[in-house]
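Notes for the structure review
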Amino acid sequence: MPTADLPEAFHVTTDEQLRAVSNLTRHRIMAVLRFEPATITQIAERVGLAKGSSSYHVRLLERAGLIKVVRTRKVRGVTERYYAMAARSIVLPDPGEGGPDVLMRHAVADLEAAPLDGERHVKMTHLRLTEEQFAELGARLHALADEYRELSDPSLPDASLVFALFHPAWREQAPKDAE
């Protein structure tokens, strides 16, 4: 199923949907389905799960509306279902002050599980920006991510891009002029 046929975003609004995306295994299943449909068996192989576990997690994602069956075929008398994402992206609710940021937790878990001998680019930089610069940088990062998402080729290896631009809770205020 080409991603052009999908809605742009799926907004997580219910507790069931939030529980579904909050699980690291289900996050990884959705990553498998990001670019192309897959069967339970294919998902299990890619994520490293038993077929029964894969089936359980896929059912929860399907029930929450995050993934859907996009085609079926008969194989030796059994109906094989191909699952795909229900939208090109998933929009999570704001976790609220002090709440867990599910996306960042999954990103860190994926980074920690990535092969150490593979190429990776990880950087943390502290900046001091005006609110206009902050907004401009955020918009540029989103545009760059969208540009490269459009260039994605399902035949190439997966790569993950995660960014977080935020004002930390302890943010220092710029020194005021001496009075």
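The structure this text deals with has already been given above.
Everything in this summary refers to the structure shown in the same document. (Residues numbered from 1 in each chain as written. Predicted model: local features only at pLDDT ≥ 70, side-chain atom pairs only at ≥ 80, totals over all residues. Heavy atoms only, no water.)

The next thing to look at is the packing of helix H2 (residues 24–32) against helix H5 (residues 102–113). Taken N-terminus to C-terminus, the directions of H2 and H5 make an angle of 75 degrees; their axes are 10 Å apart at the nearest point. On the basis of their axis angle, the class for H2 and H5 is roughly perpendicular. Note on element contacts: H5 touches H2 through His106, Ala109, Asp110 and Ala113, opposite Leu24, His27 and Arg28. Within the contact of H2 with H5, the residues separate by chemical class into three nonpolar, two polar and two charged. (Axes fitted to C-alpha atoms, helices over the stretch in contact; angles between N-to-C directions. Helix = DSSP H or I, 4+ residues; strand = E, 2+ residues; numbered from the N terminus. Parallel < 35°, antiparallel > 145°, perpendicular 65-115°, else oblique. Contact = heavy atoms within 4.5 Å. Nonpolar A, V, L, I, M, F, W, Y, C, P; charged D, E, K, R; others polar.)

Quick look at the pairing of strand S3 (residues 78–85) now. Sheet analysis places strand S2 (residues 67–75) next to S3, joined by eight bridges and oriented antiparallel. Bridging across to S3, arginine 71 finds its partner in tyrosine 82. Turn length for the S2-S3 hairpin, with the two strands adjacent in sequence and antiparallel, is two residues, and the turn residue arginine 76 shows positive phi of about 50 degrees. (Pairing = 2+ DSSP bridges.)

To locate leftover empty space, one rolls a probe as large as a water molecule over the atoms. A volume near 240 Å³ is recorded for the second largest pocket. Every residue along the wall of the second largest pocket is listed here: Thr39, Ile40, Thr41, Lys51, Val75, Arg76, Val78, Thr79, Glu80, Arg81 and Tyr83. Counting only elements with at least two residues in the lining of the second largest pocket, the list comes to helix H3 (40–47) and S3. Of the residues that constitute the lining of the second largest pocket, the class distribution is four nonpolar, three polar and four charged. (1 Å grid on protein atoms, 1.4 Å probe; cavity = no way out; pocket = protein on both sides within 12 Å on 5 of 7 lines; lining within 4 Å. Points joined across faces, edges and corners; volume = space filled by probe spheres on them.)

The values reported here are purely geometric and, on their own, carry no functional implication.
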